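Descriptive analysis of the structure
Read off the chains here:
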Amino acid sequence: MANLIEVLLPDIGDFHNVEVIEILVSPGDRVERDSSLITLESDKASLEIPSPQAGEVGEIKVRLGDKVNVGDLVLTLKVEPETPGEAAEPAEDAALEAARAPGEKARQRPPVMPTPADMAGIARGRNAHASPAVRRFARELGVDLNRAAATGPKGRVLKEDVQTFVKQALKGERPALTAGAFALPALPEVDFSKYGKVEFVPLSRIKKLSGAHLHRCWLNLPHVTQFGEADITELEAFRLGLRGEAEQSGLKLTLMPFLMKACAAALKAMPEFNSSLAPDGESLVMKKYVHIGVAVDTPNGLVVPVIRDLDRKSLFELAAELKATSGRARDGKLSPADLQGGCFSISSLGGIGGTAFTPIVNAPEVAVLGVSRAETKPVWNGSEFRPRLMLPLSLSYDHRVIDGAQGARFVVLLASLLGDIRRLLL
Ligand code: CAO
């Protein structure tokens, strides 16, 4: 006789409130053991939840968009009692037995559980957004998902997109990459080996992930970059005067903590720069906190850890936090939480050189400050040229949120704060 069992969300690792993005079955459907029931998506990966047994789907207890956690009821399933052939492998049973807490009652065999390592594997090196079923389908057909159009919600590649890609390829048409409503002509593939010896070096995981993010930001935001210069002659004298004191506390006081403080003050004075565009594009989300991401160059690529509540921290506290955070970034020890919640970013290439650059806004933030190498220049003071240490500033912003005049005012304000840091006290 058929039994009705409840299928609960299994342990999927360190993931909480994960969104249901696909429901792959309907009431009355016949499913086999391990066939996929729903797809979940976190900010790191998407994952299908398999059926623990063969049976007939009863009531579905989750809806698209629900945020679910381990143990939540997914659906009910009418199952036949398992035949010996269907039972779990003895070794697996033993492992499950060993994992059971003392006193815990024997339960039905849980579904195949992806480990956190599996989840990380799913995320690794996969830029295109697609459910595992679509990935499997694309793999079977030999389709690179990154080259297929993405017409699904939130830019997901759907099964139909893969089919369209294949049809176009069979017709000899080169499929175009699409981003939302825009079609981009694909770049022609080049066989470099025709011109000389070549070698393929895989991109690091960070490069692949940040590359996809930067590409999305570049395509989705209308960028403008405003350039400016700050006279940091006095600031530099002050910084050098404090250097010994900082060293006594084991710190190196670079320009960066001053930049962070000045940016925090400018963000408070011009709160549009401390906002994000709401998803419907109808309003701005004004943030009442000041968290700033700092671009850190690591051997594996660019990461942007976030330093929190800058407006409430001293220069020395910021120097200590920058040292600790950039150290963790270079050692590959940042946690996902370290990278989240930024309101604005600073990218300083001043330690390396260069005169200006056009940084990409780290969406959903609306602006980023690029800083290049300070240089002593002759500056006209109205009666004579004086040598002044000038710091080049490059502010990129999202023109949907920030007007050109606001962009220019922000740079002028920042330059005046850096030019006379006593203003930070006002
Ligand atoms: N002008 C002149 N000198 C500068 C300077 C500037 N704008 N910025 C830093 N320097 C100096 C520092 O004072 C330091 O000099 P000393 O060794 O003589 O004291 C030296 O350059 C090295 O500084 P640093 O870069 O190690 O330290 P920092 O606090 O300025 O920056 C960090 C820290 C983490 C931001 C930096 O190390 C880094 O990773 N920068 C690269 C960021 C990046 O890749 N951005 C591009 C992202 S794409 O948009």
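Below or above, wherever it landed, is the structure these notes cover. (Residues numbered from 1 in each chain as written. Predicted model: local features only at pLDDT ≥ 70, side-chain atom pairs only at ≥ 80, totals over all residues. Heavy atoms only, no water.)

**Some points on the overall build of the protein**
What counts, and what does not: A run of H or I in DSSP becomes a helix once it reaches four residues, and a run of E becomes a strand once it reaches two; helices and strands are each numbered from the N terminus. When a residue's accessible area, from a 1.4 Å probe over protein chains only, is under 20% of the maximum for its type it is buried; when over 50% it is exposed; and in between it is partly exposed. Note on contacts: a residue pair is in contact if any heavy atoms of the two residues lie within 4.5 Å. Calculation of accessible area relied on Shrake-Rupley with a 1.4 Å probe; when residues are assessed, cover is drawn exclusively from the protein chains displayed.
Of regular secondary structure, the protein possesses nine helices and 21 strands. In the protein, which comprises 426 residues, the proportion classed as buried is 38%. Sequence-distant contacts, at least 24 apart, represent 62% of the contacts inside the protein between residues at least 6 apart. In the form shown here, the protein has an accessible surface area of approximately 24,000 Å², with 56% of it arising from carbon and sulfur atoms.

**What to know about the site of the ligand**
Selection criterion: One heavy atom within 4 Å of a molecule or strand is enough for the residue carrying it to be called near that molecule or strand. Counting of polar contacts relies on pairs of N or O atoms within 3.5 Å, with two restrictions inside protein: one atom must be capable of donating a hydrogen and the other of accepting it, and residues adjacent in sequence are counted only when both atoms are side-chain atoms. Charged residues are taken to be Asp, Glu, Lys and Arg, nonpolar residues to be Ala, Val, Leu, Ile, Met, Phe, Trp, Tyr, Cys and Pro, and polar residues to be all remaining types, Gly included.
Close contacts around the ligand come from 23 residues, with Thr254, Arg330, Ser347, Ser372 and Ala374 the closest. Lys252 places a polar side-chain atom, nitrogen or oxygen, 3.1 Å from an oxygen atom of the ligand. A distance of 3.0 Å separates a nitrogen atom of the ligand from a polar backbone atom of Ser348. In isolation the ligand has 970 Å² of accessible area, and contact with the protein removes 72% of it. Broken down by secondary-structure element, the contributors of at least two residues to the shell around the ligand are strand E15 (296-298), helix H8 (315-330) and strand E18 (344-348). With three residues, the top contributor of residues to the shell around the ligand is H8. Along the lines of polarity and charge, the residues of the shell around the ligand split into eleven nonpolar, seven polar and five charged.

**Topic: the nonpolar core**
Generally speaking, nonpolar side chains in soluble globular proteins are found buried as a group. Rules: Buried Ala, Val, Leu, Ile, Met, Phe, Trp, Tyr and Cys residues that are joined via side-chain atoms within 4.5 Å together make up what is termed a nonpolar core.
Among the nonpolar cores identified, the biggest contains 48 residues, and Phe344 and Leu418 are the most heavily contacted of them. When residues of this core are assigned to their parent elements, the largest contribution, nine residues, is made by helix H7 (residues 256-269). Once residues within four sequence positions are removed from consideration, Phe344 is found in contact with Cys263, Leu267, Phe273, His291, Ile292, Gly293, Glu365, Ala367, Val368, Leu369, Leu395 and Phe410. The next biggest cluster of nonpolar side chains, apart from the first, holds 21 residues, and it includes Val7, Phe15, Val25 and Val74.

**A short note on the sheet that holds strand E3 (residues 30-31)**
Selection criterion: Strands qualify as paired when DSSP identifies two bridges or more between them.
Here four strands make up an open sheet; going across it, the order is E1-E8-E6-E3 and the pairing antiparallel. Whereas interior strands pair on both sides, the edge strands pair on one side only; in this sheet they are strand E1 (3-8) and E3. Two strands pair when backbone bridges link them, and E3 and strand E6 (residues 55-60) are joined in this way by two bridges, in the antiparallel orientation. Residue pairing across strands places Val31 opposite Gly55, the latter belonging to E6.

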